[in-house]
Amino acid sequence: MSIEPATDPSAIPSWTMGDITVHRIDEVLLPPATGPWLLPGATPDVVTGQDWLRPHFADDEGVLHLDSHSFAFTVGGLRVLVDTGIGNGKERANPAWHNLDTDYLQRLTAAGFPPDSVDLVILTHLHADHVGWNTHEVNGEWVPTFPNARYITSRVEREFWAGYDMEEAREQMFRDSVVPVEEAGLLHLVDVPADGVEVIPGVRLIPTPGHTPGHVALQLTSRTGTALITGDCVHHPVQLAHPSIGACVDIEPERSEASRRTLLDSLAGTDTLVLGTHFAPPTAGRVITHEGAYRLSPVPADSH
């Protein structure tokens, strides 16, 4: 597949750690109604009570800012994409995700990752807004967007959904964005032990179950530092201040909170760069302790 880049590569936000540069591949801003639906505990009073969330992560009225994007990087000569967003032309029950038409692939190509060049696609979990660009439509059929890549996810994750009584909307998502990758022999399931597993040198899957049973975060290690891609263990920085706030779509809410607290505790006060899978720009930061919990100290793109 040949995709002409429509975006200046310098406009792709990125963060560099030694020999590894992580690019944020933007897909779409999520509408203001997303916050109250997704994180009902993040009421306007709760959000406005955290001054540090403004202006990047919330507005003055306590409305949360949320994004859909992927992260792409090269490590050990391999081109890696983490989560694939919502996708174009997909039938979705959520109107904000339905039948999108974005320039995501052009942005990915502008960042230096044309679809045919991607070697590894890591799926933190199998939700519609994380697997959509797994496939694209060709002559009325959904085919893998990254035909030369291994797609990987947790074995626990795939097996959970295989035994789940899905509603029609979720079945549709699996039909158009997961099953075609499986049928092409490109989906590889990984066993993720409690201490994580290195899938390629420098890239480690960290079990963070609860949002889904097999959910993983991703730890990236270079010669000069580490980064952590959250997936949906943390949807929004407000959850640093209030780790008890969970998502309405968490499969196991108590387990999700426990994973979030464990992860944040491990990150607090370290130099690990945290990259939020749904964090609005500036997207990245470091976790510091704050008023008995945590906050994010933002790290702008192309700056450390």
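Residue positions within a chain follow its written sequence, with the count starting from 1. Local features are withheld for residues below a pLDDT of 70 in this predicted model, meaning they are given only at 70 or higher, and side-chain atom pairs are given and counted only at 80 or more; totals for whole chains, interfaces and linings count all residues. Think of the side-chain values as coming from all heavy atoms in the structure, minus any hydrogens and water.

Colleague: Help me out: how do you make sense of the sheet that holds strand β10 (residues 197-200) in this one?
Modeller: Two pairing modes exist for strands in a sheet, parallel and antiparallel, and in both the strands are linked by backbone hydrogen bonds. By this definition, two strands are paired if DSSP reports at least two bridges between them. Strands here mean DSSP runs of E at least two residues long; helices mean DSSP runs of H or I at least four residues long; both are numbered from the N terminus. Spatially, the seven strands line up as an open sheet ordered β10-β11-β12-β13-β14-β15-β16, and their pairing is mixed. Strands with a single pairing partner mark the edges of an open sheet, and in this sheet they are β10 and β16 (293-298). Put simply, the sheet's adjacent strands are angled 35° from each other on average, direction ignored. Here strand β14 (residues 273-275) pairs with strand β15 (residues 284-290) via two bridges, running antiparallel. Across the sheet, the residue bridging to valine 274 is glycine 285, located in β15. Contacts from helix α9 (residues 253-267) reach β13 (226-229), β14, β15 and β16, with the element oriented near 60° to β16. For helices, the fitted line uses only the C-alpha atoms of the stretch in contact; every axis is such a line through C-alpha atoms, and the angle between N-to-C directions lies from 0 to 180 degrees. Contacts are assigned to residue pairs with any non-hydrogen atoms lying within 4.5 Å of each other.

Colleague: What should I look at first to understand the sheet that holds strand β9 (residues 187-190) in this one?
Modeller: Read across the open sheet, the seven strands follow the order β1-β2-β3-β4-β5-β8-β9; overall the sheet is mixed. What marks the edges here is a single partner per strand, and that holds for β1 (14-17) and β9. Sheet twist, expressed as the average angle between the axes of neighbouring strands with direction ignored, equals 25°. Sheet strands in contact with helix α5 (residues 155-162) are β8 (150-154) and β9, and its direction is about 75° off that of β8.

Colleague: Would you explain the pattern of salt bridges in this entry?
Modeller: Counted as salt bridges are all cases of a side-chain nitrogen of Lys or Arg within 4 Å of a carboxyl oxygen of Asp or Glu. Under the criterion given, the structure shown has 14 salt bridges. Where arginine 54 meets aspartate 51, a salt bridge forms, and the shortest distance between an N and an O atom there is 2.8 Å. Of the residues examined, arginine 54 reaches a relative accessible area of 25% and is grouped as partly exposed. The salt bridge partner of aspartate 176 is arginine 92, with a shortest N-O separation of 2.9 Å. Within this pair, whereas aspartate 176 is found in helix α6 (residues 168-177), its partner arginine 92 is found in the loop between β4 (78-82) and α3 (104-110), the two being separated by 84 residues in sequence. Like aspartate 176, the residue arginine 92 is buried in the burial classification. By sharing partners, the salt bridges in this structure join Asp51, Arg54 and Asp60 into a single network. Three exposure classes are used, based on accessible area relative to the maximum for each residue type with a 1.4 Å probe and protein chains only: buried under 20%, partly exposed in between, and exposed over 50%.

Colleague: Before we go on, may I ask you to explain the environment of threonine 277 in this structure?
Modeller: On the secondary structure map, threonine 277 appears in the loop between β14 and β15. On a C-alpha basis, the gap between threonine 277 and tryptophan 133 in space is 15 Å, while along the polypeptide they are 144 residues apart. What threonine 277 contacts, discounting residues up to four positions off in sequence, is Asp67, His69, Phe71, Asp83, His130, Ile229, Thr230 and Gly231. Here the side chain of threonine 277 touches glycine 231 through a polar contact of 2.9 Å, landing on its backbone nitrogen. Pairs of N or O atoms are called polar contacts if they sit within 3.5 Å, as long as, within protein, a hydrogen donor faces a hydrogen acceptor (for residues adjacent in sequence, only side-chain-to-side-chain pairs).

Colleague: Explain the pairing of β15 here, please?
Modeller: One ladder, built from six bridges, connects β15 with β16; its direction is antiparallel. Looking at β16, one finds that isoleucine 288 is bridged to arginine 295.

Colleague: Would you mind showing me how to read unusual backbone geometry here?
Modeller: Peptide bonds are trans in most cases, and residues, glycine excluded, mostly fall at negative phi. For the bond from arginine 54 to proline 55, the omega torsion is 5°, close enough to zero to count as cis. With omega at 15°, the peptide bond leading from proline 281 into proline 282 counts as cis. Mapped onto the fold, proline 282 is located in the loop between β14 and β15. One non-glycine residue, glutamate 291, adopts positive backbone phi at about 50°. When you line up the elements, glutamate 291 lands in the loop between β15 and β16.

Colleague: How should I be thinking about the packing of aromatic side chains in this particular structure?
Modeller: Each aromatic ring pair is described using two quantities: the centre-to-centre distance and the angle formed by the ring planes. Geometry of aromatic contacts follows a simple scheme: Phe, Tyr and Trp rings, the Trp one being its six-membered ring, pair when their centres are within 6.5 Å, and the pair is stacked under 30 degrees between planes, edge-to-face over 60, tilted otherwise. Applying the stated rule across the entire model yields seven aromatic pairs. Consider the rings of tyrosine 104 and tryptophan 133, whose centres lie 5.4 Å apart with planes at 10°: the pair is stacked. In this pair, tyrosine 104 sits in helix α3 while tryptophan 133 sits in the loop between α4 (128-131) and β6 (135-138), placing the two residues 29 residues apart along the sequence. Judged by relative accessible area, which is 0%, tyrosine 104 ranks as buried. Accessibility expressed as a relative area gives 4% for tryptophan 133, which makes it buried. With a centroid separation of 4.9 Å and 75° between ring planes, the pair formed by tryptophan 161 and tyrosine 164 is classed as edge-to-face. Given the relative accessible area of 1%, tryptophan 161 is considered buried. The exposure class assigned to tyrosine 164 is partly exposed, which follows from its relative accessible area of 31%. Three or more aromatic residues link up through ring pairs in this structure, and these residues are Phe160, Trp161, Tyr164 and Phe174. Counting as a charge over the ring demands two things of the Lys NZ or Arg CZ atom: a distance within 6 Å of the ring centre and an angle within 35 degrees of the ring normal. Cation over ring: arginine 79 sits above phenylalanine 113, and NZ or CZ is 5.8 Å from the ring centre.

Treat this as a map of the structure, not an account of what it does.
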